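Structure at a glance
Listed below are the residues making up each chain.
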Amino acid sequence: MGFEQQLVHKTFYETLIDTGERDTVYALGDIFFAAYRDGADLSSIRFAQGEVYFHRRDYETAIFKWENVHNDLRPWAQKNIADSYYELGQLQSAEELYRSIEAESETLQAEIILRLFSLYRELGEREKADEMIKRGVALYPDYPNMTEWARAFFEEQGDWESAIELALGEAVRTSARRWADILTGYVEQGHARVMAPARFSRCLTLLYETDRVKFERLVQALWNGYQDGDVYFSWLAEWNRLYDELAIGRDYEWKRIPSLLAEAYAGLVKGRYRVKELVEVVPPLLKSWVNLAGESGRAEAAAALLAWSEKFPDSFDDETVKNAAKQLVRADAKSGEAGVALFEEIADWAEVQRAGSHFRFRWLVRQLSDLRLHRVLIAGASRNERLAFLRTVVGEAALVAPSAPVLVWKSGDETEVTKISDEQFTVFASLDEFQQTSGGRGSRFPDDTVIECTAPFPLVPQEVAFLDIGPLGGRAFSDHEAFASFPLADSILFLLNGDDPFSSVDEQLVLQLCERAPHVPIHFLLPPGDGMIDEQEAARIAQDIEAHIRTIVPEANVIVYSPHAPSRRQQQELVGLLGEVRQHRSSVRREEAILATIRRFIAHLFRQRAEAESRLAESVVWKKEMAAKLNGAIHQLGDQQEEKTAKIVKAFRAVLEETRTAVAAAIPDILRKATDFVREDSDFSRLHLELNDSVNEQLRAYVDEEVLPNLHRAMNDWIAATEEEFHECQAFLHEMSEGFNAMFGEERLALECDFRILTDWRRDIDRLAGGTQIDKLNVFLRRTPGQLLLKGAGKLLGAFAQNKAMLAQKYKQFIQTQDYADVAETVIGQLLLPFEWFAKSLERDIAQFFQPPLAVLTETLERLELEIAAQEGELKQMRTNPEAYRDPLVLFGIRLRQCEQLAQAASTAVQV
């Protein structure tokens, strides 16, 4: 043990006494007194005595001894005093003393750091402990247990960044495999997900040079940790840099990295990332994959690089592309289920993007994947002739849907008709059900429709299906949606014209078919024409025509067959031909057909997106126009409501005014006729009372028998006129709703007014006209001067006979000369007051009549405005972020090209 280590462990005292001494205190005491007598320096002895007392836990005595050390051991003595305070639990004093020590010894400095670290941990001061241990690692990493204590502390605190930094530093500094394993373990546990990948570069470089196994393991841990994280692309960039800088090659048999590269590429081109993000990292990634891939993955890697280089030719140099092409040729390329899996992924993505369900393309790929079924395309002649031929094979089922773009017939135990389009997949249990649902044989079908008929067809061999595609031939055929079904054909049965066999038109069509399907065999049916007298003659003509056809289609066969009335022999020859062709199936050609269908599908999705954007823009414009029309209709209805309200209220008030005028004119006449009740024999003392009763009865009779019936009739006429106005409004609204519904293409608006208000009005008018009561009026009992005078005179002079004639005359004169306007006004007020209240509610009632259609128009406008806002948002998203839809399709196209490269290589290998 070295000197400083003795100081660390407090065993310096062993240098002063014999190891066999039993009583070290006694022995050191003897040495102390001997030195004291000689006048020697006692500091070293006191230092040793302090160690002994410390070990015996006599900390106060130890402190006393160490406080009196004044030689070179003083810094150690101070450190030991602080240790004693620590043991006594006086942590603050210990901290102050530790920090006050000025030491030149690195060992002492390291010990002080470790003691302070332990002290801060005990105090729970995490930040200070963290600072202290990191300082110790930085200054004295080789000091015993310094890095181990740091590692344990970081793990205990969950400070994985510091733990990883420690492991990284030690792995690079010491080149120790142990630290590399610790670092890899941290990464595998997922603790490095957010750390900058560049921080691992030095360690990776060192491991690549010293231990390839640990290098590969750490690369795998980092790859798995960063994958799908925020710094994944930074890691890919770092890997690409390391690959170039370290010149990583095939001088070592890599077991993990090739699969990591393959998985990374597959994940990057799934459509989650934008193309502009990928163009920086994918090309160098592909380069490293091609160079490091093993025999099993070399073809896939080379095909991926070639596919990417075709889309982004500037991403690779010519040498890299040529090398990939050589690798693909030399590799064992295999064509498998990659195409089907890719299609399913694209179709599922399209559904998520709300780009349609695409049942037709799903059906096509499913059909192409079924190697058990051989499909024979019927070509040549007119479609009517082709259907006539098919009737000889499948019967009336040939006419199941003669106008459908694509027709398929296959033999099965049960009858079933399936209608397939991009957006629908419908199964019918019989031909009749299908035709009833579709509208009969003359129905027209959209261009993307496929009709598949399954039934027991005796002449159709099992595992054989007939296929008829409408617009065969010409440039329009390639652009027609039905052309998507063309790859289904495993062989072609070409119907020749019996009168002009293999005409120039037929020849041109055969050439087009050979160009579009060069590996699909073509067989020919020759109808017996007028010149074919017997079978020998027919056979001779068939041989001549076959020889001519074979100049274009070398392996063609020609058989004679009547498309309208075939003989039994002809039918047997046809069945034999079909039985022979069904044996020829090519899985490679089917895979190529699937890939061709996927390419058409991707193009369809691109085109559909452009059409969808165009339709959406047109829809927004159209809906804005409709919203403007609806808004105009609302204002128009409001104007009509205002106009009708004014007209109806005016008519109602005219009735009241007419009644008011009539009553105001009639009442004074009625009251003046009260003179008929004044006679000379009247009791003038009570005459005013009798007159008042009489005129009230007459007024009531007048109101009940004349005014109210007339008013009732006038009100009924007013209601009838109003009803005509309302029906006029309703007719206008019906016309408006029909116009809007025609524009909307659906019954969206039902503008029905609330006619119940008329019933309510009739009930109210009947009640008012039949139940109005006129209060008894004081016509002749008022306290006017004239009435008071007559009333007094009647009482005073009425007893004298000679005065009655005079009084009668005066009464009559008085009655004739009175102004009865106030009486008439009172009667009119009592009579018409309920009607006045009724008039005040008219505007509200008329508004109730118009409220339902107005609510429908307003609600429709609001819903339309919401639709406009949603579509404008969608359109803006389409136009501002087209990459969200376009980039996945671009990547799907690259993956498709990769599959095509593999399929082509596999096909070449098969041919070789």
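Cut-offs and rules
Residues numbered from 1 in each chain as written. Predicted model: local features only at pLDDT ≥ 70, side-chain atom pairs only at ≥ 80, totals over all residues. Heavy atoms only, no water. pLDDT = per-residue confidence, 0-100. Contact = heavy atoms within 4.5 Å. Helix = DSSP H or I, 4+ residues; strand = E, 2+ residues; numbered from the N terminus. Expected span 1.5 Å × (residues − 1). Buried < 20%, exposed > 50% of the residue type's maximum accessible area, 1.4 Å probe, protein only. Phe/Tyr/Trp six-rings, centres within 6.5 Å; stacked < 30°, edge-to-face > 60°. Lys NZ or Arg CZ within 6 Å of the ring centre and 35° of its normal. Arc of directions from axis to C-beta. Pairing = 2+ DSSP bridges.

Mean pLDDT for the protein chain: 87, with 92% of residues reaching 70 or above. Segment residues 783-801: pLDDT under 50, and 26 contacts once partners within four positions in sequence are set aside and those in other chains are kept.

With that out of the way, let us pick up helix 19 (residues 338-352). Given 3.6 residues per turn, any residue in an α-helix points the same way as the ones three and four places further on. Between the first and last C-alpha of helix 19 there are 21 Å, a value that for 15 residues agrees with the 21 Å anticipated at 1.5 Å per step. Considered for burial, the residues of helix 19 that qualify are Gly339, Val340, Leu342, Phe343, Glu345, Ile346, Ala347, Trp349 and Ala350.

By the definition in use, this model includes 47 aromatic pairs. With 6.2 Å between their ring centres and 75° between their planes, Tyr232 and Phe233 make a pair best called edge-to-face. With relative accessibility at 3%, the residue Tyr232 sits in the buried group. Ring centres of Phe428 and Phe434 lie 5.4 Å apart, and the angle between their planes is 70°; this geometry places the pair in the edge-to-face category. Like Phe434, Phe428 is buried. What links up through ring pairs into an aromatic cluster is the set Phe652, Trp718, Phe726, Phe755, Trp761, Phe838, Phe849 and Phe850. Lying across the ring of Phe54, Lys10 places its NZ or CZ 4.6 Å from the centre. The ring of Tyr86 is capped by Arg115, whose NZ or CZ atom sits 4.8 Å from the centre of that ring.

Time to look at helix 9 (residues 146-157). The first and last C-alpha atoms of helix 9 sit 17 Å apart over 12 residues, in line with the 16 Å expected at 1.5 Å per residue. By the burial criterion, the buried members of helix 9 are Met146, Thr147, Ala150, Phe153 and Phe154. Buried residues of helix 9 fall within an arc of 125° about the axis and therefore sit on the same side. Of the surrounding elements, those touching the buried residues of helix 9 are helix 7 (106-123), helix 8 (126-139), helix 10 (160-174) and helix 11 (177-188). Where helix 9 ends, the next residue or the one after it, Gly158, has phi of about 70°, a positive value.

With that settled, the discussion passes to the pairing of strand 2 (residues 406-411). Residues in a regular strand point their side chains to alternate faces of the sheet. Where burial is concerned, most of strand 2 is hidden: five out of the six residues are buried. With six bridges joining them, strand 2 and strand 5 (residues 450-455) adopt parallel strand pairing. In the strand pairing of strand 5, Leu407 is matched with Ile451. The pairing of strand 2 with strand 6 (residues 464-469) spans five bridges and is classified as antiparallel. The residue of strand 6 that forms the bridge with Lys410 is Ala465.

All right, on to the pairing of strand 5 then. Of all the six residues making up strand 5, six are buried; the element is thus mostly covered by neighbouring parts of the structure. Judged by which residues are buried, strand 5 turns out to be covered on both faces: Val450, Glu452 and Thr454 on one side and Ile451, Cys453 and Ala455 on the other are all buried. Sheet analysis places strand 3 (residues 416-420) next to strand 5, joined by five bridges and oriented antiparallel. Pairing of Thr418 across the sheet is with Glu452, part of strand 5.

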